[in-house]
Amino acid sequence: MHRPAPLSRRAFIAGAAALPLAGLGAARALGQTSGTVDVVIVGAGAAGIAAARRVAAAGLSYALLEATSRPGGRAVTDTALFGRPVDLGALRLYDAAANPLVALGTQAGAPLYAAPDAARLFVNGREAREGEYEDFVAALRQGERAIGAAGDAARDLPASRVLPDLGPWAQNVGIVLGPATCAKDLDQVSTVDFSRAEPRDAGVFVRSGLGDFLASLAAPLAVRFDTPATSVDLGPRLVQVATRRGNVGGRFCILAAPPSLIAAGKLRVSPLPTRYRGAVERITLGAFDHILFEWPGNPLGVADDETLQVKAPDGRAFTLVARIGGSDLHVVEVGGKLATDLAAGPPQAGASYLKEALTGAFGATVAGKVGKVHQTRWTREPYALGAWSCALPGAGNLRRAFTEVVNGRLAFAGEHAHETLWGTVHGAWASGERAAQQAIRALGGGNAATLAQ
């Protein structure tokens, strides 16, 4: 059956040059230096790893502090739940041609493979007819154009307010453009922030897990695990970072932790000028979770790693990623208020939702074949408090503050600190490299070869 070409940049979203690993062995000792270091890096997610690699390559000492017992941040691979690698957070690497992480993975021989370049649409338990595909794609592009046009015209409004009447496809379009893209419902999305997002293709998967791949990039680095920072004080000469394991002093600080921790009072930054405080309060993390489940026998007859948009007879709409890595493992993706409510619910909330959704879409017999279920709860993770960032209405221009140096001694890093690649691992990595270069410049420069990049 004919299906339309792949949809636009935000249709189905789950999500500086690369430095080689060589030469980081010496930097490992620098990272373990006691007392004052050149750069204190708070957070060993993608941004913190990228920052530490570049700082180390410049010959500067660093302390890389991680609150949890593992690197990777919101990219984590689990092998115990289902007996195979499964990503509980970030799932894909976008824009393979320009993504430095894809280049690093290729160089290292990581098991990367491309996701299918088009999604499928299911309506009332069957694959959509050609006319239904055309209607859905038209509605999706109409909605996306309306939000993008408002943002491009600097009309910073709730994205929901500029949507035209999308008829029977309104719920599906709202899910794709809202929770699946922004981790928020569209009434909580800035049209300006939405319009600035770079195009995202179907992406690349890592067969061994994206979280595992990031951990491999952190392996040459000295990371102080189980060391949550509680405050960052920007003094006239040094930055003092207080942790539950004592204080760490540095000439510069890269804050590669989610702004949600500052907003929640779990990490204090002083002084934090009003401009940056406003960014912390308005560039907030949304909710996005995976309901992972075993579904043997390929009951829908779909290809490996296909993304499905589902429109059920009961009116429910949802996104499903099928047969992860060719296995019987599937993922229903939930975001926005629904994800928040399920995360706050009882332990079986995700499984109950899954059963109702699959029954409504495909019938009780097919839904009854579901095996083990696991629900992520990123809004409840104490050192994340959310999935990824999207500006609230009226705050689309505040993200720029996260790209600036504060008081000559602090740079932000993380997906929230990239104006066009927010919500992606690529964006977090790029922001870490940018923050590292800001630190190197502020400290008078490192190796000439690094500065020339």
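Residues numbered from 1 in each chain as written. Predicted model: local features only at pLDDT ≥ 70, side-chain atom pairs only at ≥ 80, totals over all residues. Heavy atoms only, no water.

Participant: Break down the overall build of the protein chain for me, with residues and values.
Facilitator: Secondary structure assignment for the protein chain yields 15 helices and 22 strands. Its C-alpha atoms give the protein chain a radius of gyration of 22 Å, near enough to 22 Å, the size a compact globule of 453 residues would have. Viewed in the frame of its principal axes, the protein chain has a C-alpha envelope of about 65 × 50 × 40 Å. When each of the 453 residues of the protein chain is scored for burial, the buried share is 57%. Each charge sign in the protein chain was given a centre, from 45 positive and 39 negative side chains, and these centres are 6 Å apart. (Helix = DSSP H or I, 4+ residues; strand = E, 2+ residues; numbered from the N terminus. Rg over C-alpha atoms; globule rule 2.2 N^0.38 Å. Buried < 20%, exposed > 50% of the residue type's maximum accessible area, 1.4 Å probe, protein only. Lys, Arg positive; Asp, Glu negative; His and termini not counted. Charge placed at Lys NZ, Arg CZ, Asp CG, Glu CD.)

Participant: Can you break down the pairing of strand S10 (residues 229-234) residue by residue, with the values?
Facilitator: Here S10 pairs with strand S11 (residues 239-243) via five bridges, running antiparallel. If you follow Leu234 over to S11, its bridge partner there is Val239. With antiparallel pairing between neighbouring strands as the criterion, S10 and S11 make up a hairpin whose turn holds four residues. Of the strand pairs in this sheet, S10 and strand S13 (residues 268-270) are connected by three bridges, and their pairing is parallel. Bridge pairing links Asp233 to Ser270 in S13. (Pairing = 2+ DSSP bridges.)

Participant: Could you give an account of helix H14 (residues 425-442), naming the residues involved and the relevant values?
Facilitator: With 18 residues, H14 extends 26 Å between its outermost C-alpha atoms, agreeing within 8% with the 26 Å of an ideal straight helix rising 1.5 Å per residue. Across the 18 residues that make up H14, a large majority, 15, are buried. Positioned one or two residues after H14, Gly444 has a phi angle of 95 degrees, which is positive. (Expected span 1.5 Å × (residues − 1).)

Participant: Lay out the sheet that holds strand S19 (residues 373-375) in plain terms, naming residues and giving numbers.
Facilitator: If you trace the seven strands from one edge of the open sheet to the other, you get S7-S6-S16-S17-S18-S15-S19, paired in mixed fashion. Looking at strand neighbours, the two that pair on one side only are strand S7 (126-127) and S19, the edges of this open sheet. As judged from the three bridges shared by strand S17 (residues 317-321) and strand S18 (residues 329-335), these two strands associate in the antiparallel manner. Paired with Leu320 across the strands is Val332, a residue of S18. Taken strand by strand, helix H11 (residues 336-344) contacts strand S15 (288-294), S18 and S19, and its axis lies near 110 degrees from that of S18. (Contact = heavy atoms within 4.5 Å. Axes fitted to C-alpha atoms, helices over the stretch in contact; angles between N-to-C directions.)

Participant: How would you summarise the confidence of the model for the protein chain if you had to cite specific residues and measurements?
Facilitator: Averaged over every residue, the pLDDT of the protein chain is 91; the share at 70 or more is 91%. In the predicted structure, residues 448-453 sits below a pLDDT of 50 and forms 13 contacts with residues beyond four places in sequence or in another chain. (pLDDT = per-residue confidence, 0-100.)

Participant: Now, about the pattern of salt bridges: what can you tell me, with residues and values included?
Facilitator: All chains considered together, the criterion is met by 15 salt bridges. Glu356 is the partner of Arg316 in a salt bridge, and the nearest nitrogen-oxygen pair spans 3.6 Å. Highlighted residues: Arg316 in the loop between strand S16 (307-311) and S17 and Glu356 in helix H12 (residues 349-362), separated in sequence by 40 residues. A relative accessible area of 22% means that Arg316 is categorised as partly exposed. Among the ionic pairs, Arg323 bridges to Asp328, the shortest N-O distance being 3.5 Å. For Arg323, a relative accessible area of 13% gives the class buried. By relative accessible area, which is 34% here, Asp328 ends up partly exposed. One connected set of salt bridges, linked through shared partners, spans Arg120, Glu127 and Glu306. (Salt bridge = Lys/Arg side-chain N within 4 Å of Asp/Glu carboxyl O.)

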